[in-house]
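In case you want the letters, here they are:
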Amino acid sequence: MARIPLGGLTTLNLSTHLDPMFVELYGADAALASTASASVVAGLVGFLGSLNYTSLTLGWAQQQGMIRAAWFTGYDPTGTTDSAAAINAALAFGTKGVLLTSTPRSNSAITVTGAKTVCGENMAGTVISFYGSAGFIAAGDMVRFANMTIRSFSGAGVADPLANAGIDYTGTSGTHRNFGRVENVYLRGWSRGVDWQYTWNSVLQNVVTVNCTNALRVFGQSVNNDVFAPNFTTIGGAGTIAIDVLPDGGNAPEGLTIHGGLIGSAERGLVADSCLNLVILGTKTDDLTGVGVTVDASSLQ
């Protein structure tokens, strides 16, 4: 992560040699105060008061840098109060994506539109907890989640309520979700850790689930998707399935490949009611009370 003072942007074009996904902009430049518009930076934590910034400077930040949600009013890194409004404001402001830090709380689902990334510091360093709601909703193409833990609580604060999805790619038969990625993410306490609904050409890599009913659901005509090195466990007991592959009427998943990893601590490991071209490569099963892999005839083609 490169930390760049905002004042440096007036004389140096950083976009030519720094990856914008890993640039954090910070600091104050008093020389910009006389030409700034207060409305441009309304809500940015630490940027209020006597110093403001030009729309040109913040425009560069919007285009070239990951926007820290902690810059926005209402972001609570302790998780004591609801940070949803701050995170949504950061997502609306940043064209590339949002960096989450510490342990924020959200009392409502957070929708991420196309071609944006929600990124944490790492699984232990960023833990976002959703209370009484679904988690992240991927409502477009090229939506990516990385380097964080996503937990579920009931509205009353009870852990692992087994409701909703932690990450939900909400495609339909008429509008698919394409090129999604979930990497280095830990999900706990959901009905479905990740829900691929009519999702195409997407990847899960190094995703860990604990105490979910389904680690991954693949629903409808979801096509050409890959799961690399999963560590999928559920809460166990009747009806729990680590990977549940389901058609939507006549629309069945196609081209699902599981690469290595582990699926376990469930009644069943993988169930495919219908999936054209299902491939399982070196994946281990463990601590299953029922059948490891159950497929129908079409899944064997």
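What you see is a predicted model, and the numbers here were worked out from it, not measured in a lab.

**So, the confidence of the model for the protein chain**
Across the protein chain, the average pLDDT comes to 82, with 77% of residues at 70 or higher. Low confidence marks residues 1–64, where pLDDT is under 50. Its contacts with residues over four positions away, or in another chain, come to 103 contacts.

**Focus: the nonpolar core**
Among the nonpolar cores identified, the biggest contains 49 residues, and Leu100, Phe136, Phe145, Ile150 and Phe232 are the most heavily contacted of them. Tallying contributions element by element places helix 2 (residues 84–93) first for this core, with five residues. With residues up to four places along the chain from it excluded, the contact list for Phe232 reads Leu204, Val207, Thr209, Ala215, Leu216, Val227, Ala242, Ile243, Leu262, Ile263 and Gly264.

**Re the pattern of salt bridges**
Scanning all chains against the criterion turns up six salt bridges. The partner of Asp160 in a salt bridge is Arg188, and the shortest N-O contact between them spans 3.2 Å. In this pair, Asp160 is assigned in the loop between strand 10 (144–153) and strand 11 (163–170) and Arg188 in strand 13 (residues 181–188), connecting sequence segments 28 residues apart. Among the residues examined, Arg188 registers a relative accessible area of 25% and is labelled partly exposed. Notably, a salt bridge pairs Glu183 with Arg181, separated by 3.3 Å at the nearest N-O pair. The class for Glu183 is buried, based on a relative accessible area of 14%.

**Section: the sheet that holds strand 17 (residues 214–219)**
Pairing is parallel across the open sheet formed by eight strands, whose spatial order is 6-9-11-14-17-20-23-26. Every interior strand has two partners, whereas the edge strands, strand 6 (110–112) and strand 26 (293–295), have only one. When the angles between neighbouring strand axes are averaged without regard to direction, this sheet yields 15°. As paired elements, strand 17 and strand 20 (residues 241–246) share five bridges and run parallel to each other. Note that in strand 20 the partner of Val218 across the bridge is Val245.

Definitions and cut-offs
Residues numbered from 1 in each chain as written. Predicted model: local features only at pLDDT ≥ 70, side-chain atom pairs only at ≥ 80, totals over all residues. Heavy atoms only, no water. pLDDT = per-residue confidence, 0-100. Contact = heavy atoms within 4.5 Å. Core = buried A, V, L, I, M, F, W, Y, C linked by side-chain atoms within 4.5 Å. Buried < 20%, exposed > 50% of the residue type's maximum accessible area, 1.4 Å probe, protein only. Helix = DSSP H or I, 4+ residues; strand = E, 2+ residues; numbered from the N terminus. Salt bridge = Lys/Arg side-chain N within 4 Å of Asp/Glu carboxyl O. Pairing = 2+ DSSP bridges. Axes fitted to C-alpha atoms, helices over the stretch in contact; angles between N-to-C directions.

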